[in-house]
Amino acid sequence: MTLLTQTTLFLGAALLIVPLCHRFGLATVLGYLLTGILIGPNVLDLAGNAEAVLHFAEFGVVMLLFVIGLELEPSRLWVLKRSIFVLGGLQVVITGGLFTGIGMLCGFPLTTSAIAGFGLAMSSTAFVMQLLSDKKQLTARHGRKAFAVLLFQDIAVIPMLAVLPILSGESTQDYNLNYFAKVLGLFALLIIASRIVIRPFFRLIASSKANELLTAAALFIIIGIATVMDKLGLSMALGAFVTGVLLADSEYRHELEANIQPFKGLLLGLFFMAVGMSTDMHRLVNEPALIVGGALILMLVKFGLLTLISRLCGAPWQTSIRLGVTLAQGGEFAFVLFSAAANFHLLPNELGDRLILIVTLSMALTPLAFFALERFVEPRWTEQEHREDDEISEDDHDNPVVIAGFGRFGQIVARVLRMHKIGFTAIEGDARQVDFVRRFGNNIYYGNPGNIDLLRAAHLSSAKLFILAIDDVEDSVRTAEQVHRHFPHLQIYARARDRNHAYRLMEIGVKVICRETYLSALSLAEQSLVGLGLSPERAARGVETFKAYDDKLIIKQRAFYKDEASLIASTQEAMTELEQLFESDERAAEKQGELDEDLVDAELNRS
């Protein structure tokens, strides 16, 4: 089978089966696994050599770990430090240790038991984050704790993968002083390059306005680092992870993540399909009690341990139980670890197949566990306890505001937000502007805000407000359309260059629009009236009357703003009506003034 034919087969099968699985409520990961099972040797036998596919698809894992590294900003780690390192650390160590002990009691060697035990301790990052997002529970207390535990698990898998070549004794590398000197030199070089070379390199590419080169640069960095690490006999995933961490505070972080996201998703999907192809489904038919029983035991043990650990760390019972249900399944890193261990002959193929089936089934059962929790357990809790648990606290790691466009307009908004200690993520498409603003210590990232992958990377799905401050009208309208289409729940507060820009934003569905020079012009008009001799009160009243009338007029004219003749006629009519309105207000003010004078005279006569 040619590479082109095989690629077509994988893409076609995934496009058919994965959406169907999603329609029936199954996670994307399970859809890819099922696709691999169907086209693999166990069922239709269409896809060729699973091992060759698995070897190539490992780059999906490499890219996943690079993206995880990009998420590990020091500030984020510091905010969640207790949940990550205490709760996450206890979960991995206790759960992994318990399963290791069970493995040894079953007669397996320590190395095999430890690989199986700590692999089963992992939960599914992709599965859980998607599930919590669908249920709008990412910012709930158990959602934040689940994120912290998953983050620690993602970090913990790095040394697990890195130690496999050493445990196997199959590496051709001699681990002597010369070798470790090379490793330390490589990491030192990465640190220096991330600060001195990579950022100017990206700035140069960004200034060329060739967006495809940014994608090429991101792929070059990941593949280059992976190749160097492979030559040194180290884990490619480790190199990608370290590189991601070093670039986590870069202004190009979101752009890197957005460019890598499609490749990461496809290659991870290919990896899961390869795992499904290599899974021996005959075992599920021949050993149903072992596989189903193993999945149920895995979920019950992890649920119990997570609930107790969370409670011991000070969380309420309600939060602890929700956390236990959320993370009770096995995860995709178990597939990565078991597959890598099998390649190094550290895990028997039969045991690996059984464990992969158990993990897969536990993931499939997780939505049922959520259903049981929501249907039978949560209704027994009081409304007060439910409200308390879902309250968003100050340690929420996602900024509530995303600002698209960080020129003179966006910066003023950002300064006011910062004064009130409200976190924001700023995105700017001009590399020179990003470089300039960063010198003042502002948190700003380079990228095109109209890129939906970039918006997802900036965590727009968990933001409360999107401020659209882009100067270019077409870019602004295009970004508003993307945000309104993909994040319909999100409030958009937009800057408009003029009335026509405002009309176009209103057609998209933007409710709050501030015309760029409108308020400043009104402010200047008010000061001009005072300078010409009007009282400050009368000047303010006149400007407020104009503003109220014009706000109504712009809504009225929206219906026919593309019809120039109707717009001109409406504007002329509005001018006449507004003049009459001012004359009416003036007469009313004069009468009020005469009445006030009469009252004063009467009061003086009484005195």
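Shown above is the structure to which this text applies.
Residues numbered from 1 in each chain as written. Predicted model: local features only at pLDDT ≥ 70, side-chain atom pairs only at ≥ 80, totals over all residues. Heavy atoms only, no water.

1. Considering the sheet that holds strand β4 (residues 465-468)
Spelled out, the test is: Two strands form a pair only when DSSP identifies at least two bridges running between them. Only DSSP runs of H or I covering at least 4 residues are called helices, and only runs of E covering at least 2 are called strands; the numbering of each starts at the N terminus. Helix axes use the C-alpha atoms of the stretch in contact, all axes being lines fitted to C-alpha atoms, and the angles between their N-to-C directions lie in the range 0 to 180 degrees. Whether two residues touch is decided by their heavy atoms; if any such pair falls within 4.5 Å, the residues are in contact.
Reading across the sheet, the 6 strands line up as β3-β2-β1-β4-β5-β6 and stay open at both edges, with parallel pairing between neighbours. Of all the strands in the sheet, just β3 (444-446) and β6 (512-515) have a single pairing partner and so form its edges. Along the sheet, successive strands turn relative to each other by an average axial angle of 20°, direction set aside. With 3 bridges joining them, strand β2 (residues 424-428) and β3 adopt parallel strand pairing. In the strand pairing of β3, glutamate 428 is matched with tyrosine 446. Lying on the sheet, helix α20 (residues 408-419) is in contact with β1 (401-404), β2, β4, β5 (491-496) and β6; it crosses β1 at an angle near 160°.

2. Concerning the pattern of salt bridges
Quick note on the threshold: One speaks of a salt bridge when a side-chain nitrogen belonging to Lys or Arg is within 4 Å of a carboxyl oxygen belonging to Asp or Glu.
This model, assessed by the stated rule, comprises 8 salt bridges. The partner of glutamate 287 in a salt bridge is arginine 283, with the nearest N and O atoms 3.8 Å apart. Across the pair arginine 497 and aspartate 471 runs a salt bridge, and its minimum N-O distance is 3.3 Å. Taken as a pair, arginine 497 in the loop between β5 and α24 (499-508) and aspartate 471 in the loop between β4 and α23 (473-486) lie far apart in primary sequence, 26 residues in all.

3. Section: the packing of aromatic side chains
For any pair of aromatic rings, the description rests on two quantities: the centre-to-centre distance and the angle between the ring planes. Where we set the bar: In summary, the pairing rule links any two rings of Phe, Tyr or Trp, Trp by its six-membered ring, whose centres are within 6.5 Å, and it sorts them by plane angle into stacked for under 30 degrees, edge-to-face for over 60 and tilted for everything else. We call a residue buried when its accessible area falls under 20% of the maximum for its residue type, exposed when it is over 50%, and partly exposed in between, using a 1.4 Å probe and counting protein chains only.
Taken as a whole, this structure holds 2 aromatic pairs when the rule is applied. Residues phenylalanine 85 and phenylalanine 152 carry aromatic rings whose centres are separated by 6.4 Å and whose planes lie at 90° to one another, so their mutual orientation is edge-to-face. Taken together, the residues phenylalanine 85 in helix α5 (residues 81-105) and phenylalanine 152 in helix α8 (residues 141-168) connect sequence positions 67 residues apart. The buried category is assigned to phenylalanine 152, whose relative accessible area is 17%. Consider the rings of phenylalanine 406 and phenylalanine 424, whose centres lie 6.2 Å apart with planes at 25°: the pair is stacked. One end of the pair, phenylalanine 406, is in the loop between β1 and α20; the other, phenylalanine 424, is in strand β2, with 18 residues separating them in the sequence. Each member of the pair, phenylalanine 406 as well as phenylalanine 424, carries the same accessibility label: buried.

4. Remarks on the pairing of β6
As defined by bridge partners, β5 adjoins β6 across 4 bridges and the pair is classed as parallel. Residue alanine 494 lies in a different strand from β6, and its bridge partner there is isoleucine 513.

5. Here's the deal with unusual backbone geometry
One non-glycine residue, histidine 345, lies in the positive phi region at around 60°. By the secondary structure assignment, histidine 345 is in the loop between α17 (332-343) and α18 (349-377). Relative accessible area serves as the criterion here: at 64%, histidine 345 is assigned to the exposed category.

6. Description of the packing of helix α2 (residues 28-39) against α18
Rule in force here: Every angle not falling under 35 degrees, over 145, or within 65 to 115 is termed oblique; those three ranges are roughly parallel, roughly antiparallel and roughly perpendicular. Note on convention: near helix rotated counterclockwise from far helix by under a right angle means a left-handed crossing. Clockwise means right-handed. We call Asp, Glu, Lys and Arg charged. Ala, Val, Leu, Ile, Met, Phe, Trp, Tyr, Cys and Pro are nonpolar, and the rest, Gly among them, are polar.
Where α2 meets α18, the axes come as close as 10 Å, and the angle between the chain directions of the two elements is 135°. With respect to their mutual orientation, α2 and α18 come out oblique. The handedness of the crossing between α2 and α18 is left-handed. Counting all contacts with α2, which are made through Val29, Leu30 and Leu33, the residues of α18 involved are Thr360, Met363 and Ala364. Across the contact of α2 with α18, the residue classes tally to 5 nonpolar, 1 polar and no charged.

7. Description of empty space enclosed by the protein
Take a probe with the size of a water molecule and roll it over the atoms, and the empty space left behind shows itself. Quick reminder of the rule: Only protein atoms enter the 1 Å grid used here, on which a cavity is any set of points holding a 1.4 Å probe that cannot leave and a pocket is any open set flanked by protein within 12 Å on both sides along at least five of seven lines; residues with an atom within 4 Å of a point are listed as lining. Grid points are joined across faces, edges and corners, and a volume is the space filled by probe spheres set on the points.
A complete count under the given rule lists 1 cavity of 30 Å³ or more for this structure. If you add up the space inside the largest cavity, you get close to 60 Å³. It is α5 that contributes the most residues to the lining of the largest cavity, 3 residues altogether. Taken together, the residues that form the lining of the largest cavity break down as 3 nonpolar, 2 polar and 2 charged.

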